[in-house]
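# Structural features, examined
The lines below spell out each chain.
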Amino acid sequence: MSVLLDESNGPRPNPRVRRGAEERGVTKSPQLTLSILDSLDQPLKARDGDFTRLYVGDRIRFLINLTRDGIYDSLVVLQCVMSSSSLLQDPRAETRVLLTNGCPLMDEATASSWRWTSEKSTVSSFVSNTQPVSIFRLSRSAYVYLHCAVKMCFVGASPCKQPTTVGL
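Below is a summary of the structure that appears in this document. (Residues numbered from 1 in each chain as written. Predicted model: local features only at pLDDT ≥ 70, side-chain atom pairs only at ≥ 80, totals over all residues. Heavy atoms only, no water.)

With that settled, consider the overall build of the chain. Within the chain one finds 1 helix and 11 strands. Going from the N terminus to the C terminus, the chain shows its helices and strands as β-β-β-β-β-β-β-β-α-β-β-β. Burial statistics for the chain: of 168 residues in total, 34% are counted as buried. Only carbon and sulfur atoms are counted for the fraction: they give 51% of the accessible area of the chain, which is about 10,300 Å². (Helix = DSSP H or I, 4+ residues; strand = E, 2+ residues; numbered from the N terminus. Buried < 20%, exposed > 50% of the residue type's maximum accessible area, 1.4 Å probe, protein only. Areas by Shrake-Rupley, 256 points an atom, 1.4 Å probe, with all protein chains shown as cover.)

Encoded structure:
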């Protein structure tokens, strides 16, 4: 998962940890977790350190949880790409763009499935998740990797919301 910091106008705290007037130069990274939920909304867990087996047509959801810490308040999922490689820039990988500029692409999945929403956010955490999506296979690999670029938004910055349009 890639993380981008919010570059919008507006007040934003310095993410460096300060001790009195002396700056130590320590940067506080956002605390993000990515979960994959099965059709019963239970987290998928690796068995014995191995991958969890999924089959074409299985329904799953992706969920990103941000712990609100007084610096980072929310996030926007900007882009998601399915790939046959764990490396996003692998020239030999087969890839499918699912989401671009925050909007799902109609030719890859239904707009309602790959649209990220934040319905379950609380005071202490910001949660963004997809609707259930059906697993599909890329022709070059039995493994599928999801790569997403996420924009992190600071507390007090201008509104940071997931777009509601559908890409072409």
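Let's pick the thread back up.
Within this structure, the stated rule accounts for 4 salt bridges. A salt bridge links Asp41 to Arg61, with the shortest nitrogen-to-oxygen separation between them at 2.9 Å. Note that Asp41 is positioned in the loop between strand 4 (32-37) and strand 5 (59-67) and Arg61 in strand 5, a separation of 20 residues in sequence. When its relative accessible area of 37% is taken as the criterion, Asp41 is described as partly exposed. On the basis of relative accessibility, which here comes to 8%, the residue Arg61 falls in the buried class. Taking the shortest distance from any N to any O, the salt bridge between Arg92 and Asp90 comes out at 3.5 Å. Accessibility expressed as a relative area gives 67% for Arg92, which makes it exposed. Residue classification places Asp90 among the buried residues on the basis of a relative accessible area of 16%. (Salt bridge = Lys/Arg side-chain N within 4 Å of Asp/Glu carboxyl O.)

Looking now at the packing of aromatic side chains. This model, assessed by the stated rule, comprises 1 aromatic pair. Relative to Phe154, the ring of Tyr72 has its centre 5.4 Å away and its plane inclined at 25 degrees; by these criteria the two rings are stacked. On the criterion of sequence distance, the pair formed by Tyr72 in strand 6 (residues 72-83) and Phe154 in strand 11 (residues 145-154) is long-range, its members being 82 residues apart. On the basis of relative accessible area, Tyr72 is assigned to the buried category, the value being 2%. (Phe/Tyr/Trp six-rings, centres within 6.5 Å; stacked < 30°, edge-to-face > 60°.)

Here the focus is the nonpolar core. Across soluble globular proteins, nonpolar side chains show a tendency to be buried alongside one another. Core analysis: the largest hydrophobic core is formed by 22 residues, its most contacted members being Phe62, Leu75, Val77, Cys80 and Trp116. Sorting the residues of this core by element identifies strand 5, strand 6, strand 7 (95-100) and strand 11 as the ones contributing at least two each. When residues of this core are assigned to their parent elements, the largest contribution, 5 residues, is made by strand 6. Leave out the neighbours within four places in its chain, and Val77 touches Ile64, Leu99, Gly102, Trp116, Ser128, Cys148, Ala149, Val150 and Gln162. (Core = buried A, V, L, I, M, F, W, Y, C linked by side-chain atoms within 4.5 Å. Contact = heavy atoms within 4.5 Å.)

We now examine the state of the cysteines. Per the stated rule, a full pass over the model turns up 1 disulfide. In this model, Cys80 is linked to Cys148 through a disulfide, with the two sulfur atoms separated by 2.1 Å. Taking the torsion about the sulfur-sulfur bond, which here is approximately 105 degrees, the covalent link between Cys80 and Cys148 counts as right-handed. Residue Cys80 is located in strand 6, and its partner Cys148 is located in strand 11; the two are separated by 68 residues in the primary sequence. (Disulfide = S-S within 2.5 Å.)

Turning to its location among the elements, Thr67 is positioned in strand 5. Sequence-wise, Thr67 and Phe126 are 59 residues apart; in three dimensions their C-alpha atoms are separated by 6.5 Å. Not counting residues up to four positions away in its chain, the partners in contact with Thr67 are Gln31, Tyr72 and Ser124.

We now examine the pairing of strand 6. By the criterion of burial, strand 6 is predominantly enclosed, with 9 of the 12 residues buried. With 10 bridges joining them, strand 6 and strand 11 adopt antiparallel strand pairing. Note on strand 11: the bridge partner recorded for Tyr72 is Phe154. Sheet analysis places strand 6 next to strand 7, joined by 4 bridges and oriented antiparallel. Of the residues in strand 7, the one forming a bridge with Ser83 is Thr95. (Pairing = 2+ DSSP bridges.)

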